[in-house]
Amino acid sequence: MKNRRDFLKLTALGGAAVVTGSLIQSCDTDKTKGTAVSKQDNKNKPIQKPVVISTWDHGMQANIPAWEILNNGGSALDAVEAGVRVVESDPNNSSVGIGGAPDREGNVSLDACIMDHKGMCGAVAALENIENPISVARKVMEDTPHVMLVGKGALEFAISKGFEEKNLLTEDSKLKWEKWLETSKYEPIINIENHDTIGMLAIDSEGNLSGSCTTSGLAYKLRGRVGDSPIIGAGLFVDNEIGAACATGLGEAIIRIAGSAIVVELMRHGYSPTEACKEAVERIIKIHGKDAAFQIGFLALNKQGEYGGYSLFSQFNFAITNKSKNELAYTEYNKEWT
Ligand code: SD4
């Protein structure tokens, strides 16, 4: 599978079609054009299920096992765990799981969370030496009375549950980190290489929603820094009556607006998935001003199986798999990279 950089090169050469917005609008609602917000009346709409969506091009790879589970009548919860595990275990992905970029001291430190249709959730933050933090997050949800474990405690819990410790710093990410150390310039500008969290949302054939989110966070972050991805309500939120949302991009900005919870809340008030994601991005712009030079992207899936997304800058894509399609699409966005 092509990585994101290759894909961008291809699009620049005109070798692949860039779908900007129209696809998302058509599957969302035909009223999403422009800034006017259309209130959706979902009561009598048929539910399109199952569906799985996930962030960035690695979503294509992640949707394969997730879809297999959904298509065989399995649960959204199992699907969103199995899907993102594939990306966590891919050493060539430099922003999730093994092979993830380390913090500035060379430690690969992972954040993840998972949430189900019953409102149950689990999370781990700053977890080291465990390849699949999403599965540890699920254990936190199912086997403890808590929601989040961090650092050493999360690692000890994982080991007690039979997870194997391993070195997550691959040769390639070590070389890149050593190169970075030459200048040690810390600029958390996302969208080019130091991003690519995977967030996944699914609705199963029972009509139940679940979501997952997992990342190595910002490349060369301060030791101990935790972003939005493991924080329920920021990187991920699920309300089985309404819908689910997940986020990618600069975590600090997403946390400041309780991003994913806001997106779900807006859908509760009648916003379509795309409109809700757009409004969340606009709230971030309100805080950070028009000069915000970092990427933010939200995805949302509602109870009817409609989905959408929106980003601050262009180039945010996501994978969609349902009975009729298995493809990547680009979200609408606020502004171009200059
Ligand atoms: C973080 N939100 O740790 C993550 C990074 C990310 O795409 O999403 N990158 O802030």
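Fair warning: this is a prediction, and the values are worked out from it, not measured in the lab.

Chemist: It is not clear to me how the sheet that holds strand 6 (residues 209-215) should be interpreted in this structure. Could you clarify?
Modeler: Ordered by their spatial adjacency, eight strands build an open sheet running 4-3-2-6-5-1-11-12, and the pairing between neighbours is mixed. Strand pairing shows two members of the sheet lacking a second neighbour, strand 4 (148-150) and strand 12 (326-330), which therefore form its edges. When strand polarity is set aside, the average angle formed by the axes of neighbouring strands in this sheet is 10°. Across four bridges, the pairing between strand 1 (residues 51-55) and strand 5 (residues 198-203) is antiparallel. Residue Val51 lies in a different strand from strand 5, and its bridge partner there is Ile203.

Chemist: Explain the packing of aromatic side chains to me, please; I cannot follow it from the model alone.
Modeler: In this description, an aromatic ring pair is defined by two values, namely the gap between the centres and the angle between the planes. What the rule picks out here adds up to three aromatic pairs. Residues Trp180 and Tyr220 carry aromatic rings whose centres are separated by 4.7 Å and whose planes lie at 20° to one another, so their mutual orientation is stacked. Of this pair, Trp180 sits in helix 7 (residues 171-183) while Tyr220 sits in the loop between strand 6 and strand 7 (236-239); the two residues are 40 residues apart in sequence, bridging distant segments of the chain. Per residue, the accessibility class of Trp180 equals that of Tyr220, and both read buried.

Chemist: Would you mind showing me how to read the side chain of Glu81 here?
Modeler: Looking at the element boundaries, Glu81 is found in helix 4 (residues 76-88). One polar contact links Glu81 to Arg138, side chain to side chain, over a distance of 2.8 Å. With near-sequence residues (within four places) excluded, Glu81 lies in contact with Ile114, Ile134, Ser135 and Arg138.

Chemist: Before we go on, may I ask you to explain the sheet that holds strand 10 (residues 307-313) in this structure?
Modeler: Pairing between the strands of a sheet is mediated by backbone hydrogen bonds and can be parallel or antiparallel. With mixed pairing, the five strands of this open sheet are ordered in space as 7-8-9-10-13. Edge strands, defined here as strands with exactly one partner in the open sheet, are strand 7 and strand 13 (332-335). Strand-to-strand twist across the sheet, computed as the mean angle between neighbouring axes with direction ignored, equals 10°. Relative to strand 10, strand 9 (residues 296-302) is paired through five bridges, and the arrangement is antiparallel. Bridge pairing in strand 10 places Gly297 opposite Ser311. The sheet contacts of helix 9 (residues 259-268) involve strand 7, strand 8 (243-249) and strand 9, and relative to strand 8 the element is tilted by about 145°. Set on the sheet, helix 10 (residues 273-288) makes contact with strand 9, strand 10 and strand 13; between it and strand 10 the angle comes to about 25°.

Chemist: Please explain the nonpolar core as it appears in this structure.
Modeler: Nonpolar side chains in soluble globular proteins tend to be buried together. Val52, Ile114, Val124, Leu127, Ile130, Val136 and Met200 are the most contacted members of the largest nonpolar core, which totals 31 residues. Taken together, the elements giving at least two residues each to this core come down to helix 3 (58-71), helix 4, strand 2 (109-115), strand 3 (121-128), helix 5 (133-143), helix 6 (151-160) and strand 5. Sort the elements by how many residues they give to this core and helix 4 lands first, with six residues. With near-sequence residues (within four places) excluded, Leu127 lies in contact with Val108, Ser109, Leu110, Pro133, Val136, Gly151, Ala154 and Leu155. By size, the runner-up hydrophobic cluster in this structure holds 29 residues, among which are Met267, Ala276, Cys277 and Ile296.

Chemist: Could you clarify how one ought to interpret the site of the ligand in this entry?
Modeler: Neighbouring the ligand are 12 residues; Thr197, Arg225, Asp228, Thr248 and Gly249 lie closest to it. For the ligand, a nitrogen atom lies 2.6 Å from a polar atom in the side chain of Asp228. With respect to the ligand, the backbone of Gly251 contributes an N or O atom lying 2.8 Å from an oxygen atom. About the coverage of the ligand: the protein hides 100% of its 290 Å² of free accessible area. A per-class count over the shell around the ligand returns one nonpolar, eight polar and three charged.

Chemist: Would you mind going over unusual backbone geometry with me for this structure?
Modeler: A negative phi holds for most residues other than glycine; trans holds for most peptide bonds. Cis rather than trans, the peptide bond between Lys49 and Pro50 has omega equal to -5°. By the element assignment, Pro50 lies in the loop between helix 2 (22-28) and strand 1. Positioned with a positive phi, Trp56 is a non-glycine residue whose angle comes to about 60°. One can find Trp56 in the loop between strand 1 and helix 3. With a relative accessible area of 1%, Trp56 lands in the buried category. Backbone geometry places Ala126, a non-glycine residue, at a positive phi of 50°. Along the chain, Ala126 falls in strand 3.

Chemist: Even after reading the chapter, I still don't get the confidence of the model for the protein, so can you show me in this structure?
Modeler: For any part of a model where pLDDT is low, the fine detail of the predicted coordinates should not be relied upon. Mean pLDDT for the protein: 87, with 84% of residues reaching 70 or above. In this model, residues 1-36 is a region of pLDDT below 50 whose contacts with residues beyond four sequence positions or in other chains number 74 contacts.

Chemist: Explanation requested: helix 6 in the structure shown.
Modeler: It helps to recall that an α-helix has 3.6 residues per turn; residues three or four apart then point in one direction. Those residues of helix 6 that sit buried are Gly151, Ala154, Leu155, Phe157 and Ala158. The arc that holds every buried residue of helix 6, seen down its axis, measures 160°, which confines them to one face. In helix 6, the exposed residues that point more than 90 degrees away from the buried face are Lys152 and Ser160. Here the buried face of helix 6 lies against strand 3, helix 5 and strand 4. Residue Gly162 follows helix 6 closely and has a positive phi angle near 95°.

Thresholds, definitions, all that
Residues numbered from 1 in each chain as written. Predicted model: local features only at pLDDT ≥ 70, side-chain atom pairs only at ≥ 80, totals over all residues. Heavy atoms only, no water. Pairing = 2+ DSSP bridges. Helix = DSSP H or I, 4+ residues; strand = E, 2+ residues; numbered from the N terminus. Axes fitted to C-alpha atoms, helices over the stretch in contact; angles between N-to-C directions. Phe/Tyr/Trp six-rings, centres within 6.5 Å; stacked < 30°, edge-to-face > 60°. Buried < 20%, exposed > 50% of the residue type's maximum accessible area, 1.4 Å probe, protein only. Polar contact = N/O pair within 3.5 Å; in protein donor to acceptor, adjacent residues only side chain to side chain. Contact = heavy atoms within 4.5 Å. Core = buried A, V, L, I, M, F, W, Y, C linked by side-chain atoms within 4.5 Å. Near = heavy atom within 4 Å. Areas by Shrake-Rupley, 256 points an atom, 1.4 Å probe, with all protein chains shown as cover. Nonpolar A, V, L, I, M, F, W, Y, C, P; charged D, E, K, R; others polar. pLDDT = per-residue confidence, 0-100. Arc of directions from axis to C-beta.

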